[in-house]
Amino acid sequence: MKRNLNFSYSLYQSLYWMSACFVYSYTRVFLQKLGFSASVAGAELAFSSILSVLLQPWIASALGKRKSLSLRSVITGALMLSLFCGGLLLVPVSMGVLAVFFLIAATMTLTVQPFINSVGFGYINEGASLNYSASRGVASLAYAGISKILAAVSELETGRGMLLCYLLMTAATLAVSLVLAQGAGSAGAGLSQRSSAGGSTGAFIKRYPGFSLMLLGQLLIFFQHNCINGYMWDIIRYAGGTASDMGTALLIGALAEVPVMLLFTRLEKGAGCHRLLQVAAILYVLKPLLILLHPSIPMVYVSQGMQMVTYAFVVPGMAYYANRLLAEEDRIRGQALITGSIAAAGFFGYLLGGLMVERAGILPSLWVASSVGALGSLLLFLFARPLPQERRV
């Protein structure tokens, strides 16, 4: 009888993404309440992203070389370090020490993402009943919910309330991680050995040149994605909107993803992962053009609503595609590179996007970002190919 892990894994993903919401969406608000400038807050987020990109392949390689190291120990260690450094933010220390503690906590939070994904696919490959895309859909809903809570808490004078929410969600993620891995029996104990990463990243690229170009395409697409989301306030102001309009736009984007992610497994069984990725690649070109050609609040809402056929196709689609394409020993590295390309896009999107907006204004910056994204869409469209004898999960 198949073990049904849908509820526990959905809870796992939801708690993780609620803690990640603090890092992704409220870093600037939190750090500015501590007295940091907007530029320092942006740099903290950018460097936590790039550090996670560097750590993920290294950890994936270590999982393949050291039999004593498991996904459970990696995730547990990273989350415990996040809790420790996050807790130290409550202690009165110098600004420099605060910056270091926050950077470590944020980096560890971002680093564990592909390994949490690998836990899910490890169970799927062993025959457990688990719908990964539905779990991510539930997590997107949880992300939207905690975002509204953090927005309300951010109105308080200090950032202590936001930090306590982050620590609570991280602790809960750690607790579920320990129980889920322990309760999985052989799947949890041997996951790192059977799905271990082999060889270097360079060797991986040589083995999978087409998939590597898809990763490059995803990076370029998410550069555009992060430029739009990271500077949504500038877009809203240019279109004549208010802070309330921005909140509505972000909520539309988050909620639009949920139904498609919940139904993604059915959609890909009918069309195939590669076709859904190709559809998303085409629509990612159209998404920023709606704003560029008719900058208005209603068009921003329509563009955000397109998350259901862009982001909601690419995020689970790339994960499923990699799980079916890659050899067993390459799957953890593959998931790490998928997440790493998105994090790298965040790094460049936040830094270069900010420089472009400051020097050229929001509209020229969006044209540049959309051009970069169009190149990524072309790569994703061309190299997302049908997989022979796909395993249905």
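Shown above is the structure to which this text applies.
Cut-offs applied
Residues numbered from 1 in each chain as written. Predicted model: local features only at pLDDT ≥ 70, side-chain atom pairs only at ≥ 80, totals over all residues. Heavy atoms only, no water. Helix = DSSP H or I, 4+ residues; strand = E, 2+ residues; numbered from the N terminus. Rg over C-alpha atoms; globule rule 2.2 N^0.38 Å. Buried < 20%, exposed > 50% of the residue type's maximum accessible area, 1.4 Å probe, protein only. Contact = heavy atoms within 4.5 Å. Axes fitted to C-alpha atoms, helices over the stretch in contact; angles between N-to-C directions. Parallel < 35°, antiparallel > 145°, perpendicular 65-115°, else oblique. Left-handed = near helix turned anticlockwise from the far one by under 90°. Salt bridge = Lys/Arg side-chain N within 4 Å of Asp/Glu carboxyl O. Disulfide = S-S within 2.5 Å. Phe/Tyr/Trp six-rings, centres within 6.5 Å; stacked < 30°, edge-to-face > 60°. Lys, Arg positive; Asp, Glu negative; His and termini not counted. Patch = residues over 30% accessible without salt bridge, like charges linked within 9 Å, V, L, I, M, F, W, Y side chains within 5 Å. Areas by Shrake-Rupley, 256 points an atom, 1.4 Å probe, with all protein chains shown as cover. Core = buried A, V, L, I, M, F, W, Y, C linked by side-chain atoms within 4.5 Å. Nonpolar A, V, L, I, M, F, W, Y, C, P; charged D, E, K, R; others polar.

Caption draft 1: The overall build of the protein, seen in detail. Within the protein one finds 18 helices and zero strands. A compact globule built from 393 residues would reach a C-alpha radius of gyration of about 21 Å, and the protein, at 20 Å, matches this within 12%. Counting only C-alpha atoms and orienting by the principal axes, one finds that the protein spans roughly 55 × 50 × 35 Å. Out of the 393 residues in the protein, the part that is buried amounts to 57%. Long-range contacts, defined here as pairs at least 24 residues apart, represent 85% of the contacts in the protein between residues at least 6 apart.

Caption draft 2: Molecular detail of the packing of helix 5 (residues 113-125) against helix 17 (residues 331-360). It is at 9 Å that the axes of helix 5 and helix 17 come closest, and there the two elements cross at 140 degrees. Comparing the axis directions of helix 5 and helix 17 gives the class oblique. Our pair here, helix 5 against helix 17, has a crossing hand that is right-handed. For the pair helix 5 and helix 17, the contacting residues are Q113, P114, F115, N117, S118, F121 and N125 in the first and R331, I332, Q335, A336 and T339 in the second.

Caption draft 3: Looking closely at the pattern of salt bridges. Under the definition given, this model contains two salt bridges. In this structure, the salt-bridge partner of D330 is R207, at a minimum N-O distance of 2.9 Å. In this pair, D330 sits in the loop between helix 16 (311-325) and helix 17 while R207 sits in helix 9 (residues 201-207), placing the two residues 123 residues apart along the sequence. Its relative accessible area of 0% is what places D330 among the buried residues.

Caption draft 4: Quick peek at the state of the cysteines. Applying the stated criterion to the full structure yields zero disulfides. Not part of a disulfide, C21 finds its nearest cysteine sulfur in C165, a span of 10.0 Å. Take C21: its relative accessible area is 0%, and that puts it in the buried class. No disulfide involves C85; its nearest neighbouring cysteine sulfur is the one of C165, lying 19 Å away. Here C85 falls in the buried class, since its relative accessible area comes to 3%.

Caption draft 5: Up close: the environment of V302. Along the chain, V302 falls in helix 15 (residues 297-305). Judged by relative accessible area, which is 45%, V302 ranks as partly exposed.

Caption draft 6: View of the packing of aromatic side chains. Taken as a whole, this structure holds 18 aromatic pairs when the rule is applied. A ring pair is formed by F222 and Y284, whose centres lie 6.4 Å apart and whose planes are at 55 degrees; its orientation type is tilted. Of the two residues, F222 is situated in helix 10 (residues 209-230) and Y284 in helix 14 (residues 273-293); the sequence distance between them amounts to 62 residues. Across the pair, Y284 and F222 agree in class, each one buried. One aromatic cluster in this structure is built from Y9, Y12, F121, Y132, F264 and Y320.

Caption draft 7: Broad picture of the side chain of R136. In this structure, R136 sits in helix 6 (residues 132-153). Despite its burial, R136 pairs with no opposite charge, the nearest such side chain being E257 at 5.7 Å. Dropping the residues within four chain positions of it, R136 is found in contact with Q13, W17, M261, Y311 and V315.

Caption draft 8: Seen up close, a nonpolar patch on the surface. On the surface, I282, L375, L378, F381 and L382 cluster together to form a nonpolar patch covering roughly 460 Å² of accessible area. In terms of residues, the nonpolar patch owes the most to one element, helix 18 (residues 362-383), which gives four residues. Considering the arrangement of structural elements, one finds L382 in helix 18. A residue is classified by how much of its surface remains accessible, and L382, at 46% relative accessible area, is partly exposed.

Caption draft 9: The nonpolar core, seen in detail. Judged by nonpolar contacts, the single largest core of 96 residues is most densely connected at F22, F115, F211 and M318. Among the elements that take part in this core, helix 1 (residues 6-33) stands out by supplying 13 residues, more than any other. Apart from residues no more than four positions distant in its own chain, F211 is found in contact with F204, M318, Y321, A322, L325, L326 and I338. Counting 14 residues, the second-largest nonpolar core is a separate cluster that includes A239, I291, L292 and L366.

Caption draft 10: Examining the packing of helix 10 against helix 14 more closely. One can describe the packing of helix 10 onto helix 14 by two numbers: an axis separation of 11 Å at closest approach and a directional angle of 30 degrees. As the angle between them shows, helix 10 and helix 14 are arranged roughly parallel. When the axes of helix 10 and helix 14 are compared, the crossing they make is left-handed. Contacts between helix 10 and helix 14 involve M214, I221, F222, Q224, H225 and I228 on the former and, on the latter, L277, Y284 and P288. When grouped by side-chain class, the residues that make up the contact of helix 10 with helix 14 number seven nonpolar, two polar and no charged.

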